[in-house]
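Breakdown of the fold
Okay, here's what each chain looks like letter by letter:
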Amino acid sequence: MSAALEMINLADAKTTVVGNVASIGYGLAAIGPGVGVGIIFGNGTQALARQPEAAGLIRTNQIMGFAFCEALALIGIVMGFVYQ
């Protein structure tokens, strides 16, 4: 009888730990897109300063890169809910 109770307690503890680890994991995963966005706009600003005549193409590529980086962050937050 006590073995069954121990298994139930272990299952509850495991669920609690997984939930906390998922939150910490997303917090750590959000660092990557944050760094990526900083690199994109930093390099885009340098490119605009060096070649102002290519502003349209540079800005378009900046916005596309920003969208892809933010998509990674959104996928990360959704996965926390999917695998809960």
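Residues numbered from 1 in each chain as written. Predicted model: local features only at pLDDT ≥ 70, side-chain atom pairs only at ≥ 80, totals over all residues. Heavy atoms only, no water.

1. A look at the overall build of the protein
When its secondary structure is counted, the protein shows three helices and zero strands. Starting at the N terminus and walking to the C terminus, you meet the elements of the protein as α-α-α. Counting across all 84 residues of the protein, residues that qualify as buried make up 13%. In the structure as shown, the protein presents an accessible area of about 6,500 Å², 72% of it carried by carbon and sulfur atoms. (Helix = DSSP H or I, 4+ residues; strand = E, 2+ residues; numbered from the N terminus. Buried < 20%, exposed > 50% of the residue type's maximum accessible area, 1.4 Å probe, protein only. Areas by Shrake-Rupley, 256 points an atom, 1.4 Å probe, with all protein chains shown as cover.)

2. Details of the confidence of the model for the protein
Looking at the protein, pLDDT values average 79 and 75% of them are 70 or higher. Helix α2 (residues 31–50) holds the highest mean pLDDT among the elements of the protein, 92, whereas helix α1 (residues 2–29) holds the lowest, 62. (pLDDT = per-residue confidence, 0-100.)

3. With respect to the side chain of Q62
For Q62, the location among the structural elements is in helix α3 (residues 55–82). Setting aside residues no more than four positions away along its own chain, Q62 makes contact with I40, F41, G44 and T45. (Contact = heavy atoms within 4.5 Å.)

4. Quick look at the packing of α2 against α3
α3 packs onto α2 with a crossing angle of 175 degrees between their chain directions and a minimal axis gap of 9 Å. Here α2 lies roughly antiparallel to α3, going by the angle between them. The segment α2 lies against α3, with P33, G36, V37, I40, F41, G44, T45, A47 and L48 engaging A55, I58, R59, Q62, G65, F66, C69, E70, L72 and A73. A breakdown of the residues in the contact of α2 with α3 according to their chemical character gives 12 nonpolar, five polar and two charged. (Axes fitted to C-alpha atoms, helices over the stretch in contact; angles between N-to-C directions. Parallel < 35°, antiparallel > 145°, perpendicular 65-115°, else oblique. Nonpolar A, V, L, I, M, F, W, Y, C, P; charged D, E, K, R; others polar.)

5. Describing α3
Given 3.6 residues per helical turn, the α-helix brings residues three or four places apart onto the same face. For α3, with 28 residues, the first-to-last C-alpha span of 40 Å sits near the 40 Å given by 1.5 Å per residue. Residues A55, I58, Q62, G65, C69 and A73 constitute the buried set of α3. (Expected span 1.5 Å × (residues − 1).)

6. Some words on a nonpolar patch on the surface
A contiguous nonpolar patch, built from L72, L74, I75, I77, V78, M79, F81, V82 and Y83 and spanning about 940 Å² of accessible area, is present on the exposed surface. Mapped onto the elements of the fold, V78 is located in helix α3. With a relative accessible area of 43%, V78 lands in the partly exposed category. (Patch = residues over 30% accessible without salt bridge, like charges linked within 9 Å, V, L, I, M, F, W, Y side chains within 5 Å. Salt bridge = Lys/Arg side-chain N within 4 Å of Asp/Glu carboxyl O.)

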